[in-house]
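Given next are the chains, with one letter for each unit.
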Amino acid sequence: MSVLELPAGIRVGIDIPTDDATFTLTERPCEDRRGVTVGSVEQAVDQLTERCRAWPQAAAVCDDVLRSFDPAGPARAGVITESLAYSTLQAGPEFARWLAERGPATAPQLPDPVQARRDGNTLHVRFNRPQRHNAFSTDARGALLEALEVARMDPSVDEVVLGGNGRSFCSGGDLAEFGSFADPASAHLARTRHSPALVLDELTARLGQRCRAEVHGQVLGSGLEMAAYCGWVSCDPDATIGLPELALGLIPGAGGTVSITRRIGRWRTAYLVLSGRTVNAATALAWGLVDEVRPVTLR
């Protein structure tokens, strides 16, 4: 067994999974959640080295946060740790560099960013910004919380179904809105005091698999993070699944270091963040990131 030291102190195991490594790469099939099968270990290491060199602060903070979370512990503690780390990175040079490269942007205000419909005791909640692959915005967060509050407060709601209109479930945070926070402290308070992740965690504790997400198309960033809180995640075979936040100089910030780690362990979660690679529905099912792959349906 060998462990390579990458920039930012990231430790990558080779072939034989180990707890000590951030994750282990192998070219052989691997059921151990500490390991990730890749086509070429050498190429994967080169790509990871390049990314950790480009975003060393975000990579190091990601590793720290994932190692500090206890999957058996309460979600709130993990969400607060994640948000404080996210706020730190928002004030750092890597995120500032990304903002400068992106340039000025304004997030469009679209009507009804979330739709909610009650059918008997089932509450259907759908992201509704199909023009932007349901990119998650501040107004969408407020509308989602308002919709989920119905299920949270009304015990007669015994099923919640989360989905998305159009070609994608949710493509993650709206990049045009990034950088609009007044300051990192205010952003932290907004994330933790108005958190869909914590409400979904509470609903899943009550409803189990009857709190479910139906995902398709782009399932990225905050979209994946929120879906992973649900007790059951069904996935179209066309889905593209991943955590792209490192390329912004950030880590997952919608509770994903909790929800995704609970499902697939810190090692594969770290791989998704640090590599920036997406996985298909079959891999997501094998890892336990989703619970079923459903047949293709017309939308």
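The residue numbering used here restarts from 1 in each chain and proceeds along that chain's sequence as written. Residues qualify for local features only when their pLDDT is at least 70, as the model is predicted, and side-chain atom pairs are given and counted only at 80 or more; totals for whole chains, interfaces and linings, by contrast, use all residues. Side-chain metrics in this entry use all non-hydrogen atoms of the structure; hydrogen atoms and water are not considered.

- Looking up the chain in an unreviewed UniProt entry gives the name Enoyl-CoA hydratase, with the organism given as Mycolicibacterium setense.

**Some points on the overall build of the chain**
Item 1. When you go through the chain residue by residue, the secondary structure sums to ten helices and twelve strands.
Item 2. Relative to a compact globule of 299 residues, whose C-alpha radius of gyration would be 19 Å, the chain shows 18 Å and is just as compact.
Item 3. Across its three principal axes, the chain shows a C-alpha extent of roughly 55 × 40 × 35 Å.
Item 4. Every one of the 299 residues in the chain was classed for burial, and the buried ones make up 53%. Numbering of helices and strands runs from the N terminus, with a helix taken as a DSSP run of H or I at least four residues long and a strand as a DSSP run of E at least two residues long. Each radius of gyration reported is based on C-alpha atoms, and the globular scaling rule is 2.2 Å times the count of residues to the power 0.38. Here's how the labels work: a residue is buried when its accessible area is under 20% of the maximum for its type, exposed when over 50%, partly exposed in between, all with a 1.4 Å probe on protein chains only.

**Some thoughts on the environment of L189**
Item 1. Relative to the helices and strands, L189 resides in helix α6 (residues 184-193).
Item 2. On a C-alpha basis, the gap between L189 and W98 in space is 23 Å, while along the polypeptide they are 91 residues apart.

**Notes on the layout of surface pockets**
Item 1. Grid points spaced at 1 Å over the protein atoms alone were grouped into cavities, where a 1.4 Å probe fits but cannot get out, and pockets, open sets with protein on both sides within 12 Å along at least five of seven lines, with lining residues defined by an atom within 4 Å of a point. Grid points are joined across faces, edges and corners, and a volume is the space filled by probe spheres set on the points. A volume near 770 Å³ is recorded for the largest pocket.
Item 2. As for the largest pocket, its lining consists of 39 residues, of which Y86, F136, G173, E177 and F178 are closest to the centre.
Item 3. Sorting the residues of the lining of the largest pocket by element identifies α3 (75-90), α5 (138-153), α6, α7 (196-207) and α8 (222-227) as the ones contributing at least two each.
Item 4. A per-element tally of the lining of the largest pocket places α3 first, with five residues.
Item 5. Under the scheme applied here, ten amino acids are nonpolar (Ala, Val, Leu, Ile, Met, Phe, Trp, Tyr, Cys and Pro), four are charged (Asp, Glu, Lys and Arg), and all others, including Gly, are polar. Taken together, the residues of the lining of the largest pocket sort by class into 17 nonpolar, 15 polar and seven charged.
Item 6. In this structure, the second largest pocket encloses a volume near 440 Å³.

**Side note on the packing of aromatic side chains**
Item 1. Classification of ring pairs uses Phe, Tyr and Trp, with its six-membered ring standing for Trp, and accepts pairs whose centres are within 6.5 Å; under 30 degrees between planes counts as stacked, over 60 as edge-to-face, and the remaining range as tilted. Per the stated rule, a full pass over the model turns up five aromatic pairs.
Item 2. Ring geometry for F23 versus Y271: centroids 5.5 Å apart, planes at 85°, classification edge-to-face. Separated by 248 residues along the polypeptide, F23 in strand β3 (residues 23-26) and Y271 in helix α9 (residues 256-275) bring together distant segments of the chain. In this pair, the class of F23 matches that of Y271, namely buried.
Item 3. The rings of F95, W98 and F178 are connected pair by pair, giving a single aromatic cluster.

**Regarding the sheet that holds β3**
By definition, the strands of a sheet pair up through backbone hydrogen bonds, in either a parallel or an antiparallel sense.
Item 1. Pairing between strands is defined by DSSP: at least two bridges between them are needed. Within the open sheet, the four strands sit side by side as β1-β2-β3-β4. Their pairing is mixed. The sheet terminates laterally at β1 (2-5) and β4 (35-37), the two strands that pair on one side only. Between one strand axis and the next, the sheet turns through 30° on average, direction left out of account.
Item 2. Both β3 and β4 contribute to a ladder of three bridges, which runs parallel. The residue of β4 that forms the bridge with L25 is V36.
Item 3. Helix α1 (residues 41-54) contacts β1, β2 (11-14) and β3 of the sheet and is inclined by roughly 140° relative to β3.
Item 4. Along the sheet, α9 contacts β3 and β4; its crossing angle with β3, the most-contacted strand, is approximately 75°. Inter-axis angles, ranging from 0 to 180 degrees, are taken between N-to-C directions of lines fitted to C-alpha atoms, where helices are fitted over the stretch in contact. Residue contacts follow a heavy-atom distance rule, with two residues in contact if any of their heavy atoms lie within 4.5 Å.

**Points about helix α2 (residues 56-68)**
Item 1. To estimate how far a helix should reach, multiply one less than its number of residues by 1.5 Å. In a regular helix each residue adds 1.5 Å, so 13 residues correspond to 18 Å; α2 covers 18 Å between its end C-alpha atoms and thus fits that length.
Item 2. Those residues of α2 not exposed but buried are A58, A59, C62, D63, V65 and L66. Each buried residue of α2 sits inside an arc of 165° when the element is viewed along its axis, so together they form one side.
Item 3. Structurally, α2 contributes buried residues whose contacts are with α1, α3, α4 (93-102) and α9. The directions considered for the arc are those from the helix axis to the C-beta atoms.

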